[in-house]
Structures are given as structure tokens and as C-alpha cells.
Amino acid sequence: MAFDKLTWIGLMIVALGWALLLSGTSAMEVMVRLTGHAAAPSLNLAAVTQATILTGFGLALLGALQTGFSTLKKLFDAVVEGSIRTAPTMANEPSQRAPKKIIERGLFGDRPYVLFGDGTIEVKTLLGARRFSSLLEAHEFIGG
């Protein structure tokens, strides 16, 4: 599964929070040495680290949901477009009725395909056979 940028940022923030939590004593000592006075009463390191970890997890979850919903949108768009393509039309266009010359058969990644003389390509997808106007369009749909 590929994570988007927001998910990776969230996971990095989680790692930062854990690093702060695990090195809490040494971080407080460094702060005392740098500032010259104890900042312990005004800074609750445990609360800061917990908030950092929870914020990171929230961002990671948001990024994962965003990726998942965009994938679902692509799926639903493909289903709708496929149903529109297969819907009966009132006008019988001769180009749709005439058989197209098959130029090549093969595998597109791990999916069987048929290349037609007019440049269109039919690839077997998870939703069934689907015709694309070009190899580039098929690659964008299947390859992500």
C-alpha cells in the first residue's frame, strides 16, 4: 500500500513524539543547560509528548482516509463510466457496429489486452473488460 505525503508526515510526528517521550529526562537537562533555569514547572513534557503522538496518529489516519477515498472515487467513476458506455443508444453508429481489426494480443502487466487497428485497447480489469482510447489512458487507469 502506498502512503501519501500527509500519512508520512503524521508517522514522522509520531516518531518524534516517541523520541521525546523516551528521552524525556535528557531533554529536560538540555533545556536547563541552554536556558540556565529550570523550566520543569511550566513545561509538562509528558503532556507535550502525548499530544505530539496523538497529533501524528491523527494526521496519518487522515492521510490514509484521503488515499482510500480517492481510490474509491476512481472505482465508482469507472463503474459509472462503464455503465454509460454499455448503455443502449438511440443512434446506431456504424463505427460501433463494425468489427474492429485486432492488431495484437498480449499482457499489460498481468492483465490480458487486445490492441485494435483504430488505436484503442481493451484490457481486462477488476471490473471486467474495459476499452481505452489509448495505451496511455489504460496505463493511467490501471497503473495508478
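Residues numbered from 1 in each chain as written. Predicted model: local features only at pLDDT ≥ 70, side-chain atom pairs only at ≥ 80, totals over all residues. Heavy atoms only, no water.

Observations concerning the pattern of salt bridges
Counted by the stated rule, this structure contains 2 salt bridges. Between D77 and K73 there is a salt bridge, with the nearest N and O atoms lying 2.8 Å from each other. In this pair, D77 and K73 are both assigned in helix α3 (residues 45-86), 4 residues apart and thus about one turn of the helix distant. D77 sits in the partly exposed class, given a relative accessible area of 40%. Where R131 meets E122, a salt bridge forms, and the shortest distance between an N and an O atom there is 3.2 Å. (Salt bridge = Lys/Arg side-chain N within 4 Å of Asp/Glu carboxyl O. Helix = DSSP H or I, 4+ residues; strand = E, 2+ residues; numbered from the N terminus. Buried < 20%, exposed > 50% of the residue type's maximum accessible area, 1.4 Å probe, protein only.)

Quick notes on the pairing of strand β1 (residues 102-108)
The pairing of β1 with strand β2 (residues 111-116) spans 6 bridges and is antiparallel. Paired with F108 across the two strands is R111, which belongs to β2. Hairpin geometry of β1 and β2 is characterised by an intervening segment of 2 residues between the two adjacent antiparallel strands and by a positive phi of about 70 degrees at G109. (Pairing = 2+ DSSP bridges.)

Structural notes on the confidence of the model for the chain
In the predicted model, the chain carries a mean pLDDT of 79, and the fraction of residues at 70 or more is 78%. For residues 88-95, every residue scores under 50 in pLDDT, and the model assigns this stretch 3 contacts once sequence neighbours within four places are set aside. (pLDDT = per-residue confidence, 0-100. Contact = heavy atoms within 4.5 Å.)

Brief notes about the packing of aromatic side chains
Within this structure, the stated rule accounts for 1 aromatic pair. Each ring, one from F132 and one from F141, has its centre 5.5 Å from the other, and the planes form 45 degrees; the classification is tilted. Judged by its relative accessible area of 1%, F132 is buried. Among the residues examined, F141 registers a relative accessible area of 30% and is labelled partly exposed. Over the aromatic face of F141 sits the side chain of R130, whose NZ or CZ is 4.3 Å from the ring centroid. (Phe/Tyr/Trp six-rings, centres within 6.5 Å; stacked < 30°, edge-to-face > 60°. Lys NZ or Arg CZ within 6 Å of the ring centre and 35° of its normal.)

A look at the side chain of R130
With respect to the helices and strands, R130 occurs in strand β4 (residues 128-132). Overall, R130 belongs to the buried group, its relative accessible area being 11%. There is a polar contact of 3.5 Å between the side chain of R130 and the backbone oxygen of A78. (Polar contact = N/O pair within 3.5 Å; in protein donor to acceptor, adjacent residues only side chain to side chain.)

Quick notes on the pairing of β4
With 5 bridges joining them, strand β3 (residues 121-125) and β4 adopt antiparallel strand pairing. Pairing of T125 across the sheet is with G128, part of β4. Hairpin connection, β3 to β4: the antiparallel pair is bridged by 2 residues.

A word on the sheet that holds β1
Spatially, 4 strands are ordered β1-β2-β3-β4 in an open sheet, and the strand pairing comes out antiparallel. Each of the sheet's edge strands pairs with one partner strand only, and the pair in question is β1 and β4. If you compare each strand with its neighbour and ignore which way they point, the axes differ by 20 degrees on average. Each of β1, β2, β3 and β4 touches helix α5 (residues 135-143); the most contacted strand, β3, lies at about 15 degrees to it. (Axes fitted to C-alpha atoms, helices over the stretch in contact; angles between N-to-C directions.)

Observations concerning the nonpolar core
Within the largest apolar cluster, 6 residues are counted, these being F108, Y113, I121, V123, F132 and A138. What V123 contacts, discounting residues up to four positions off in sequence, is R111, P112, Y113, G128, A129, R130, F132, A138 and I142. (Core = buried A, V, L, I, M, F, W, Y, C linked by side-chain atoms within 4.5 Å.)

Notes on a nonpolar patch on the surface
Residues L61, L65, F69, L72, L75, F76, V79, L126 and L127 make up a contiguous nonpolar surface patch of roughly 920 Å² in combined accessible area. The residue L72 is located in helix α3 in this model. (Patch = residues over 30% accessible without salt bridge, like charges linked within 9 Å, V, L, I, M, F, W, Y side chains within 5 Å. Areas by Shrake-Rupley, 256 points an atom, 1.4 Å probe, with all protein chains shown as cover.)

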